Amino acid sequence: MYQAIILGFILIITLYVLKRMREPKLNMPPLIRYKFPIIGHTYSYLYNTEEFLKQCRKAYGDIFCLYIWGQVRIIVGKEHSQEVLSRDDVFDFSKAIERIFPGDVMLKTLERFTNTSKVLKEYVLNKMKFYNERMQNSLYSATKKQIGECDEPKVIYNIYNLITKIISAPIANIFVGEEISQYEEIITTFAEFTSDSAIFLMIPPILDFIYPGLQNYINRIILRLGLYNPAVKHQNILIKHLKKQICKRLQDKEKNGESWKRPDDFLQDTMEEEDFDPNNVDYPFIADKLGVFIFVSIHSTSSTCANAIIDLASRPEYMQELYEEQLEVHKEADENGILPFEALNNMKKLDSFIRESLRLTGFITGLQHAILKDYTFSNGLQVPEDYLIDLYFDDIYEDESLQGPNPKSFEPFRHLDANVPASKVTRNYLAFGGGKHACPGRQFAINEIKFFMHDAILKYNFRTESGKIEEKTRLGPMTSPSSCGVVFEKRNK
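Note that the structure is a prediction, hence the values are computed from the model and not measured.

Participant: What is the right way to read the packing of aromatic side chains from this model?
Facilitator: In this description, an aromatic ring pair is defined by two values, namely the gap between the centres and the angle between the planes. This structure, assessed with the given rule, holds 18 aromatic pairs. Measuring from centroid to centroid gives 4.9 Å for Phe101 and Phe295, while their planes differ by 20°, and the two rings are stacked. Of this pair, Phe101 sits in the loop between helix 5 (93-100) and helix 6 (103-106) while Phe295 sits in helix 15 (residues 283-313), and the two are 194 residues apart along the sequence. The class for Phe101 is buried, based on a relative accessible area of 7%.

Right, here's the structure in full:
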């Protein structure tokens, strides 16, 4: 047994030394000194992220290297972050995701779906105004179901879980149709698909201490061998309902001919693609296509919405001002309480509040990019192919010259006079990325959050159960919405 342990230790040290020997000799950014071999900066990065990175930035400048999870990671601050976002020929966000998340193996037909952004734009984003009434009806119905009337104060813990079901309702309606989206298991699949699949992102990459990428390699083997795939149960639910719905639509169209009423949704657009074969429907491919959009939309929108609710519940002094704005906006609603699409432009204070909530989400680093080829930054520092880069958000969000006075302070109406809506990408606001590959669905997400909060502010007073400002739950450089109790109470008009 002791011999095996000694041999294993020798193997680890050998791999570690060989790995260090492979490191390029370019004019790289400085590698911060560390005390412990193998572990490097991992502990400080996870458990003292904010202060540790500030010290590194102060001592070594805008670009520096850390040794995290067995490999050198490059951190880029405010002065050069736009170089990363604008040079998509050098820095690739999707390739970085592939290095840590085996989505292409989890969704087995994903490699055939190469025009994601184009499909999203044509099938959904260009039709936002058309889907306006359906989005609101689904949201308001889901809010009533999940939160209720609240005649008596109601405390909701871990509001993110509840928000995902509310946010999922209109997205399911638009993607798979009004009929399928009425099923509870469909809403559950939309709400839980991302969190279940993200288990591979939550597992610490401990194996990368042995060799970079080993953790992802093992995860992919597990999926390929069919030992575990968290997406399978959701794919099966989607396929079950897709089979019934697609068959029904094909039969109805054949039976009714020109009098057939065409369903308006993502699914029908997919059924009208050139390669769709009604005699041999590829249900797994359609389910995987839906899985891609569920993964990239539900979690981010729900997290943003949950954070905004908790931020407002933590600061009830702003509730009345937002209520008065929404009351004025609601005058534009029809007899069924549905707002015209243009009413979103008049929610200026609410929009500013959401942008500030997004700005102070608490992520210290993020938007990881893979380096596709050697690159020389404008300051002369060089970064080699295959390395990973993280943008240093705090360096941007805590800079007074970029954010204005008191950049660390939550000031909900900071953005009112700047003509920068919550969905607009700017140099000092990276919530949706930047450059040509900024999140294409950001306008859709912000619209949905604004409609939800419009309805919630008019219906309820809400506050934190503690009566205090509740902070995000932190894990290293990342955060998630607090699981604190939020008290909802019916508003007395």
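Participant: What is the right way to look at unusual backbone geometry in this model?
Facilitator: In most cases, non-glycine residues show a negative phi, while peptide bonds are predominantly trans. Positive phi values are uncommon outside glycine, yet Leu367 reaches one of about 50°. Position of Leu367 relative to the elements: it lies in strand 5 (residues 365-371). For Asn419, which is not a glycine, the phi torsion comes out positive at approximately 55°. With respect to the helices, strands and loops of the structure, Asn419 is situated in the loop between helix 19 (400-403) and helix 20 (442-459). Exposure remark for Asn419: the relative accessible area of 62% places this residue in the exposed category.

Participant: Quick question: what am I supposed to make of the sheet that holds strand 4 (residues 154-157) here?
Facilitator: Remark on secondary structure: sheet strands pair via backbone hydrogen bonds, oriented parallel or antiparallel. Judged by pairing direction, the sheet is antiparallel, and its three strands sit side by side in the order 4-12-9 without closing on themselves. The two strands at the open ends of the sheet, each matched to only one other strand, are strand 4 and strand 9 (460-464). Direction aside, the axes of adjacent strands within the sheet are offset by 25° on average. Here strand 9 pairs with strand 12 (residues 485-490) via five bridges, running antiparallel. Within strand 12, the position partnered with Phe462 by the bridge is Phe488.

Participant: Would you mind showing me how to read the UniProt feature "binding site: heme" (unreviewed entry) in the protein chain here?
Facilitator: When the UniProt feature table is mapped onto this chain, "binding site: heme" (unreviewed entry) is found at Cys439. Inspection of the secondary structure puts Cys439 in the loop between helix 19 and helix 20. Note on Cys439: relative accessible area 29%, which makes it partly exposed.

Participant: Explain the environment of Ala169 to me, please; I cannot follow it from the model alone.
Facilitator: By secondary structure assignment, the location of Ala169 is in helix 9 (residues 159-176). Once you skip the residues sitting within four places of it in the chain, Ala169 turns out to touch Ser138, Ala142 and Ile187.

Participant: Explanation requested: the pattern of salt bridges in the structure shown.
Facilitator: A side chain of one charge can pair with a side chain of the opposite charge when the charged atoms of the two come close. This model, assessed by the stated rule, comprises 36 salt bridges. Measuring nitrogen to oxygen at the nearest pair gives 2.8 Å for the salt bridge that ties Lys127 to Asp269. With Lys127 in the loop between helix 7 (116-123) and helix 8 (132-146) and Asp269 in helix 14 (residues 266-271), the pair connects residues that are 142 residues apart, well separated along the chain. Owing to a relative accessible area of 25%, Lys127 belongs among the partly exposed residues under this scheme. With a relative accessible area of 9%, Asp269 lands in the buried category.

Participant: What exactly am I supposed to notice about the pairing of strand 5 here?
Facilitator: Regular strands place their side chains on alternate faces of the sheet. The buried count for strand 5 comes to seven of seven residues, which makes it a mostly enclosed element. In terms of strand pairing, strand 3 (residues 91-92) meets strand 5 through two bridges, oriented antiparallel. Note on strand 5: the bridge partner recorded for Phe91 is Ile371. Here strand 5 pairs with strand 8 (residues 388-392) via four bridges, running antiparallel. Along strand 8, the bridge assignment pairs Ala370 with Leu388.

Rules used in this analysis
- In this convention, every chain numbers its residues from 1, walking through the sequence in written order.
- Per-residue local features are limited, in this predicted model, to residues with pLDDT of at least 70; the limit for side-chain atom pairs, both in listing and counting, is 80 or more; totals at the level of whole chains, interfaces and linings are taken over all residues.
- The side-chain numbers reported here are obtained from all heavy atoms of the structure, hydrogens and water having been left aside.
- Any Phe, Tyr or Trp ring, taking Trp's six-membered ring, that has another such ring centre within 6.5 Å forms a pair; planes under 30 degrees apart are called stacked, those over 60 apart edge-to-face, and the others tilted.
- Here a helix means four or more residues in a row that DSSP labels H or I, a strand means two or more in a row labelled E, and each is numbered from the N terminus.
- Working definition: with a 1.4 Å probe on protein chains only, accessible area under 20% of the residue-type maximum means buried, over 50% means exposed, and in between means partly exposed.
- One requirement defines pairing of two strands: DSSP has to find at least two bridges between them.
- Axis lines are fitted through C-alpha atoms, for helices just across the contact stretch, and the angle between N-to-C directions can take any value from 0 to 180 degrees.
- UniProt positions are given in the numbering used here, feature names are shortened, and annotations may be inferred rather than shown by experiment.
- Two residues qualify as a contact provided that any one of their heavy atoms is within 4.5 Å of a heavy atom in the partner residue.
- Each salt bridge in this description consists of a side-chain nitrogen of Lys or Arg and a carboxyl oxygen of Asp or Glu lying within 4 Å of one another.

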